[in-house]
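Secondary and tertiary structure notes
In case you want the letters, here they are:
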Amino acid sequence: KAGVTQTPRYLIKTRGQQVTLSCSPISGHRSVSWYQQTPGQGLQFLFEYFSETQRNKGNFPGRFSGRQFSNSRSEMNVSTLELGDSALYLCASSSLSGANTDTQYFGPGTRLTVL
Amino acid sequence: AQSVTQPDIHITVSEGASLELRCNYSYGATPYLFWYVQSPGQGLQLLLKYFSGDTLVQGIKGFEAEFKRSQSSFNLRKPSVHWSDAAEYFCAVGAYAGKSTFGDGTTLTVKP
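The structure contained in this document is the topic of the report that follows. Because the structure is a prediction, the values reported are computed rather than measured.

Turning our attention to the pattern of salt bridges. Taken as a whole, this structure holds 9 salt bridges over all chains when the rule is applied. Measuring nitrogen to oxygen at the nearest pair gives 2.8 Å for the salt bridge that ties A:Asp85 to A:Arg63. One end of the pair, A:Asp85, is in the loop between strand E8 (74-78) and strand E9 (87-94); the other, A:Arg63, is in the loop between strand E6 (53-57) and strand E7 (64-68), with 22 residues separating them in the sequence. Summarising the burial analysis for this pair, A:Asp85 and A:Arg63 share the class buried. Residue B:Glu66 is joined to B:Arg77 by a salt bridge in which the shortest nitrogen-to-oxygen separation is 3.2 Å. With B:Glu66 in strand E8 (residues 64-68) and B:Arg77 in strand E9 (residues 73-78), this pair connects stretches of sequence that are 11 residues apart.

Below, the structure is given as structure tokens:
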């Protein structure tokens, strides 16, 4: 089974631009979560989508948004980029049973650099 | 609010020595706890998880962790460390896997 894939792997943008990152979950997984990882703030939860609906959202400004498609693929968008948005953005998928005990599988991440 | 504390930012052990990485959590209900490992330039890989039942959990790569409710701890252990274990380790807590709060991580260096 193929793992979680994220595209692109590396991205360089300038302040004020917007960016879209893509995540393809493991086949059959319907939950996709996004995390931001920075040296200063560590790993922070951005949001989670399940069956095209946002189930949970972390404490990030409205410039950070996401969506999930019917095939469970997910995108996240960051508008009006700031220098502080430079980070590794990680996507994770899980199949989610009713007991919510499933494992999260992480992709390799997208390294975003904002200049 | 939930939180995770990993008191040790960096740990160095000799190859073959035992390892214990500490994790303390704060959570308002029964916690789901996880340990992940991240190698440079890679995503995170789940080592083990605890939801309920036996408080000693076995994971991959020879790792185990013990849940101690009275101490709000979930420490990770390995009896004999290999050079390939050098990486960053993250403890996480949450209502379920998809919405986890992570600790700041512990970087493990293995001396030959």
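Now that the structure is up, let's keep going.
The next point concerns the state of the cysteines. The tally for this structure, following the rule as stated, stands at 2 disulfides over all chains. One disulfide bridge connects A:Cys23 with A:Cys91, the sulfur atoms lying 1.7 Å from each other. Residues A:Cys23 and A:Cys91 are joined by a disulfide whose S-S torsion is about -55 degrees; by sign, that bridge is left-handed. Linking A:Cys23 in strand E3 (residues 19-24) with A:Cys91 in strand E9, this pair joins segments that are 68 residues apart in sequence. In this structure, A:Cys23 and A:Cys91 share a single accessibility class: buried. Here B:Cys23 is linked by a disulfide to B:Cys91, with a sulfur-sulfur distance of 2.0 Å. The sign of the -65 degrees torsion about the S-S bond sets the B:Cys23-B:Cys91 disulfide as left-handed. On the criterion of sequence distance, the pair formed by B:Cys23 in the loop between strand E3 (19-21) and strand E4 (24-26) and B:Cys91 in strand E10 (residues 87-94) is long-range, its members being 68 residues apart. Using a relative accessible area of 0% as the deciding quantity, one classes B:Cys91 as buried.

Reading the values: rules and limits
- Residues numbered from 1 in each chain as written.
- Chains lettered and ligands numbered in written order.
- Predicted model: local features only at pLDDT ≥ 70, side-chain atom pairs only at ≥ 80, totals over all residues.
- Heavy atoms only, no water.
- Salt bridge = Lys/Arg side-chain N within 4 Å of Asp/Glu carboxyl O.
- Helix = DSSP H or I, 4+ residues; strand = E, 2+ residues; numbered from the N terminus.
- Buried < 20%, exposed > 50% of the residue type's maximum accessible area, 1.4 Å probe, protein only.
- Disulfide = S-S within 2.5 Å.

Distances and angles like these do not, on their own, reveal function.
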